[in-house]
Amino acid sequence: MKTFIKIHPGDSVAVALAPLSAGAVLQVAGQTVTLLEDIPQGHKFALADIPAGGAVIKYGAPIGAAQADIPAGGWVHTHNVKTGLGEVLDYSYQPDNVPLMPTGDALFQGYRREDGRAAVRNEVWIIPTVGCVNDVARAIERLSQKFKTGTVDGIYAFPHPYGCSQMGEDQENTRKILAGLINHPNAGGVLVLGLGCENSNIDVLKPYIGQYNENRVKFLVCQESDDEIADGVALVEELAAYAGRFRREPISCGELVVGMKCGGSDGLSGITANPTVGAFSDLLISKGGTTVLTEVPEMFGAETLLMNRCENERIFADTVKLVNGFKDYFTRHGQTIYENPSPGNKKGGISTLEDKSLGCTQKSGSAPVSGVLSYGEPVERRGLNLLSAPGNDLVASTALAAAGAHIVLFTTGRGTPFASPVPTVKIASNCALAEKKGNWIDFNCGVLVEDGSVAELGEKLFDFVLEVASGKPVKAELAGFHDMAIFKQGVTL
């Protein structure tokens, strides 16, 4: 078993893959290092003396500056490292994008919708336009379970607190996300449940939805119904009968859209789980598929790596707007841009936002950036896309689903049981988490500490994703979890 790793030849630190004891003498890339203190798993130790003010290098890039002299073998963490990042920056385009070599196709067993789109689930969704009808939606969901028969994979309500008393961008965000979910191909049928007097009522929402199949999408205004629950159940019965006509069939993996997100990260996330997802992303894109990377605040400090991988200057400009726009959002609200790592992140070994971001962006693999999406915007271009959304797990994962992701890959070093509107694959960065929370974790990347390569594990993850796309339920689905959350930024009336 490997007990430490020097990620990049130019790094000034190495990372403990297992707890290391003070006094241990290690041979690291041809040099001898004696540990001066205990180093927890996922945490860093200096490979040579780092003077106060000197750059701390990990992933081949600075993750901050030493706040005091750090001797070789010393623990490198929040007590002696501080971010080196500033505020809004000017960027220049320095192209460093190499198209991936195409690889052979692979198939999954999916559903083909009448409009030609592919789906990995055949569910009936109940989408409230406003939080006032959340309990009605839940009641309809509960009473409609008898219609989950045949090829109908599930019947689910997606309550949320918004749809009224919102202004400006918040109101637009709600409408875009609701429309994105209503149009999602994983829903074989959708009941849009309105109250009647809300800002985002059904008539207001319809232009955001666009053209729709009347057999697939039904509408119910509760204030216009004598018994909204009974009427809702009757409409779900019709929708389930329509959805039940679809059968799984072979579909090219080139039609898959997969979202990528991390949360509860630790010091191993950027070494095991995130690079494995990056290898998966490259493999799917090489076969004509699409991946979407989000959580913009966790690009800060690694954004130039993505910018230089943009296919052209227009996409580069869109990426600059994406990053600096999110920094402006922080400053408008009087918040510090670069205080992003959570207590759990820090406990797991992440010291600064650069440390977190350089690990986070490993999920993007090496493919060129082909598109940049605003919040609530659907995917149109194949390849690697960047999506504007915050780091919050539920908000970002919902945004991925609303953008059109069939599946979300969620890497974690700490663990979480949450779900999203689409199958959410939980990927552990370490074996201890995978063993302890087997009811949460679907795929274990912690095995890389013991054996194997990122490329090999990326291929295994690809095969697993095809199984999920073909109907294999993930742990959150087996638990019956389906969550959603919408990005709120402004005033509530």
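In short, a report on the structure.

Rules and cut-offs
Residues numbered from 1 in each chain as written. Predicted model: local features only at pLDDT ≥ 70, side-chain atom pairs only at ≥ 80, totals over all residues. Heavy atoms only, no water. Helix = DSSP H or I, 4+ residues; strand = E, 2+ residues; numbered from the N terminus. Rg over C-alpha atoms; globule rule 2.2 N^0.38 Å. Buried < 20%, exposed > 50% of the residue type's maximum accessible area, 1.4 Å probe, protein only. Areas by Shrake-Rupley, 256 points an atom, 1.4 Å probe, with all protein chains shown as cover. Axes fitted to C-alpha atoms, helices over the stretch in contact; angles between N-to-C directions. Left-handed = near helix turned anticlockwise from the far one by under 90°. Contact = heavy atoms within 4.5 Å. Nonpolar A, V, L, I, M, F, W, Y, C, P; charged D, E, K, R; others polar. Patch = residues over 30% accessible without salt bridge, like charges linked within 9 Å, V, L, I, M, F, W, Y side chains within 5 Å. Salt bridge = Lys/Arg side-chain N within 4 Å of Asp/Glu carboxyl O. Lys, Arg positive; Asp, Glu negative; His and termini not counted. Charge placed at Lys NZ, Arg CZ, Asp CG, Glu CD. Pairing = 2+ DSSP bridges. Phe/Tyr/Trp six-rings, centres within 6.5 Å; stacked < 30°, edge-to-face > 60°. Lys NZ or Arg CZ within 6 Å of the ring centre and 35° of its normal. 1 Å grid on protein atoms, 1.4 Å probe; cavity = no way out; pocket = protein on both sides within 12 Å on 5 of 7 lines; lining within 4 Å. Points joined across faces, edges and corners; volume = space filled by probe spheres on them. Disulfide = S-S within 2.5 Å. Expected span 1.5 Å × (residues − 1). Polar contact = N/O pair within 3.5 Å; in protein donor to acceptor, adjacent residues only side chain to side chain.

Attention shifts here to the overall build of the protein. Counting its secondary structure elements, the protein contains 13 helices and 23 strands. Here the protein has a C-alpha radius of gyration of 23 Å; the compact-globule value for 493 residues is 23 Å, and the two agree. By its C-alpha atoms, the protein is 75 × 45 × 40 Å across when sized along the principal axes. Here the protein, with 493 residues, has 57% of them falling under the buried criterion. For the protein, the accessible surface area stands at approximately 18900 Å², while carbon and sulfur atoms represent 51% of it.

Running from N to C, helix α2 (residues 168–182) and helix α3 (residues 202–209) point in directions that differ by 65°, and their axes come no closer than 9 Å. α3 is crossed by α2, and the crossing has right-handed handedness. Residue-level inspection shows E172, R175, K176, L178, A179 and I182 of α2 in contact with α3, the latter providing V204, L205, Y208 and I209. Of the residues contributing to the contact of α2 with α3, the split by class is seven nonpolar, no polar and three charged.

Next up on the list: a negative patch on the surface. There is a patch of like negative charges on the surface, built from E435, E450, D451, E456, E459, D463 and E467. The greatest single-element share of the negative patch, amounting to four residues, is contributed by helix α12 (residues 454–469). Within the secondary structure, D451 is located in the loop between β23 (443–444) and α12.

Looking now at the sheet that holds strand β6 (residues 55–58). If you walk across this open sheet you meet the three strands as β6-β7-β9, and the pairing is antiparallel. With partners counted over all chains shown, the strands left at the sheet margins are β6 and β9 (81–82), one partner each. By the bridge criterion, two bridges tie strand β7 (residues 61–66) to β9 in an arrangement that is antiparallel. Across the sheet, the residue bridging to A66 is V81, located in β9. In this fold helix α9 (residues 353–360) packs onto β6 and β7, with an angle of close to 165° to the strand it touches most, β7.

Moving on, we come to the packing of aromatic side chains. Inspection of the entire model under this criterion finds 15 aromatic pairs. Taking 6.1 Å as the distance between ring centres and 40° as the angle between the ring planes, the aromatic pair formed by F280 and F462 counts as tilted. Of this pair, F280 sits in helix α5 (residues 273–286) while F462 sits in helix α12; the two residues are 182 residues apart in sequence, bridging distant segments of the chain. Here F280 falls in the buried class, since its relative accessible area comes to 1%. Take F462: its relative accessible area is 4%, and that puts it in the buried class. Consider the rings of Y329 and F330, whose centres lie 5.8 Å apart with planes at 85°: the pair is edge-to-face. Classification of Y329 as buried rests on a relative accessible area of 18%. Here the aromatic residues F300, F326, Y329, F330, Y375 and F487 are joined through ring pairs into a cluster of three or more. Positioned over the ring face of W440 is K437, at 4.1 Å from the centre of the ring.

Under the criterion given, the structure shown has one cavity of 30 Å³ or more. Taken together, 14 residues make up the lining of the largest cavity; nearest its centre are D266, G270, I350, K356 and G359. At four residues, α9 tops the list of elements feeding residues into the lining of the largest cavity. Residue composition of the lining of the largest cavity, grouped by class: four nonpolar, six polar and four charged.

Attention now moves to the state of the cysteines. Under the criterion given, the structure shown has zero disulfides. With no disulfide of its own, C132 lies 6.3 Å from the sulfur of C164, the closest cysteine sulfur. Just so you know, C253 is unpaired, no disulfide at all, and the nearest cysteine sulfur is the one on C445, 19 Å from it.

Ordered by their spatial adjacency, seven strands build an open sheet running β19-β20-β18-β17-β21-β22-β23, and the pairing between neighbours is parallel. The outermost strands of the open sheet, each flanked by one partner alone, are β19 (369–373) and β23. Pairing of strand β17 (residues 257–262) with strand β21 (residues 407–412), which is carried by five bridges, proceeds in the parallel orientation. When the sheet's bridge partners are listed, M260 is paired in β21 with L409.

This part takes up a nonpolar patch on the surface. The grouping of M167, V491 and L493 at the surface amounts to a nonpolar patch, some 320 Å² of accessible area in total. Looking at where M167 falls in the secondary structure, it is placed in the loop between β13 (154–157) and α2.

Over its 14 residues, α5 extends 20 Å from the first C-alpha to the last, a length consistent with the 20 Å expected when each residue adds 1.5 Å. Downstream of α5 by a residue or two, G288 has a phi angle that is positive, lying close to 95°.

What follows deals with helix α10 (residues 393–403). Among the eleven residues that make up α10, nine are buried, leaving the element largely enclosed by the rest of the structure. For α10, the full list of buried residues reads V395, A396, S397, T398, A399, L400, A401, A402 and A403. In this structure, the buried residues of α10 make contact with α2, β17, β18 (290–293), β19, β20 (383–387) and β21. For α10, the N-terminal capping position is held by N392, with its side-chain oxygen 3.2 Å away from the main-chain nitrogen of L394. Where α10 ends, the next residue or the one after it, G404, has phi of about 120°, a positive value.

Bear in mind that shape data such as this cannot, by itself, settle questions of function.
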